[in-house]
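Here is how the chains run, residue by residue.
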Amino acid sequence: MGSKLREKGKTHKKDPRHEARRVALATLFERSFHSIDQESSINRVKEIYQEEDIDKELLQTVIDGVSENTGTIDKIIAETAPAWPPEQITKVDLVALRIAIFELLISKRVPPKVAIDEAIELAKEFGGTSSGAFINGVLGAVVKKHLEGKTKEAA
């Protein structure tokens, strides 16, 4: 997003929380393929995306939270979207789902709408043409199964 905005000559102010999620997604994605330490991966991703203004606390919370809860998160995905077992979901979409489900059901530090919107944006930016719709559908099912009736913002 950052480089795309610069290329088009726009000067939108970047949201440090969104940028933290972008770096988290790219770091978790890279680490799913390579045995690389977290700090090196984060630094490389920040350099590639030319990220300077990010919410470092959110970045660390998301990376640690997703890493520590991957098994639980993947069970939620498998139960909620049985037609799409985690091992059959593209890696980028899977990482975006993991981040959103971590934020929705485990950390619960953001409203559901924010977690869902952020995941859709990340999927559209980094995934394929149908990634946004796929993420939206799975997260809608997650909200319906795990949050509906427990929060007004899940509706």
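1. Focus: the packing of helix α4 (residues 56-80) against helix α7 (residues 131-146)
Then, in step 1: Contact geometry for α4 and α7: axes closest at 10 Å, N-to-C directions at 95 degrees. Taken as axis vectors, α4 and α7 run roughly perpendicular relative to one another. Note on element contacts: α7 touches α4 through V138, A141, V142, K145 and H146, opposite I76, E79 and T80.
Then, in step 2: A class-by-class count of the residues in the contact of α4 with α7 yields four nonpolar, two polar and two charged.

2. Overview of the environment of D93
Then, in step 1: You can see D93 is positioned in helix α5 (residues 91-107).
Then, in step 2: Judged by its relative accessible area of 7%, D93 falls in the buried class.
Then, in step 3: Along the sequence, D93 and I120 sit 27 residues apart, while their C-alpha atoms lie 9.3 Å from each other.
Then, in step 4: In contact with D93, other than residues within four places in its own chain, are A123, G127, S131, F134 and I135.

3. Concerning the packing of α4 against α5
Then, in step 1: For the pair α4 and α5, the least separation of the axes is 8 Å and the interaxial angle reads 95 degrees. Relative to α5, α4 is oriented roughly perpendicular. Facing L58, T61, V62, G65, V66, N69, T70, I73, D74, I76 and I77 of α4, the residues of α5 in contact are L94, L97, R98, I99, I101, F102, E103, L105 and I106.
Then, in step 2: The residue inventory of the contact of α4 with α5, partitioned by class, reads 13 nonpolar, four polar and three charged.

4. Topic: α4
Then, in step 1: In this model α4 runs just 31 Å from its N-terminal to its C-terminal C-alpha over 25 residues, more than 12% under the 36 Å that 1.5 Å per residue would give.
Then, in step 2: Within α4, the axis deviates most sharply at T70, by approximately 75 degrees.
Then, in step 3: When we look at burial in α4, the residues that qualify are L58, L59, V62, I63, G65, V66, I73, D74, I76, I77 and T80.
Then, in step 4: At the N-terminal boundary of α4, the capping side chain belongs to D55, with an oxygen 3.2 Å from the backbone nitrogen of E57.

5. Examining the environment of D64
Then, in step 1: For D64, the location among the structural elements is in helix α4.
Then, in step 2: Sequence separation between D64 and A24 is 40 residues; the distance between their C-alpha atoms is 9.6 Å.

6. Topic: helix α6 (residues 112-126)
Then, in step 1: The end-to-end C-alpha separation of α6 is 21 Å, in line with the 21 Å expected for 15 residues at 1.5 Å each.
Then, in step 2: Where α6 is concerned, the buried positions are P112, A115, I116, E118, A119, I120, L122, A123 and E125.

7. Looking at unusual backbone geometry
With glycine set apart, most residues show a phi of negative sign, and most peptide bonds adopt trans.
Then, in step 1: Of note in this structure, K108 is not a glycine but carries a positive phi near 50 degrees.
Then, in step 2: Note on K108: relative accessible area 58%, which makes it exposed.

Rules used throughout
- Residues numbered from 1 in each chain as written.
- Predicted model: local features only at pLDDT ≥ 70, side-chain atom pairs only at ≥ 80, totals over all residues.
- Heavy atoms only, no water.
- Axes fitted to C-alpha atoms, helices over the stretch in contact; angles between N-to-C directions.
- Helix = DSSP H or I, 4+ residues; strand = E, 2+ residues; numbered from the N terminus.
- Parallel < 35°, antiparallel > 145°, perpendicular 65-115°, else oblique.
- Contact = heavy atoms within 4.5 Å.
- Nonpolar A, V, L, I, M, F, W, Y, C, P; charged D, E, K, R; others polar.
- Buried < 20%, exposed > 50% of the residue type's maximum accessible area, 1.4 Å probe, protein only.
- Expected span 1.5 Å × (residues − 1).
- Bend = angle between axes of the 7 residues up to and from the residue.
- Polar contact = N/O pair within 3.5 Å; in protein donor to acceptor, adjacent residues only side chain to side chain.

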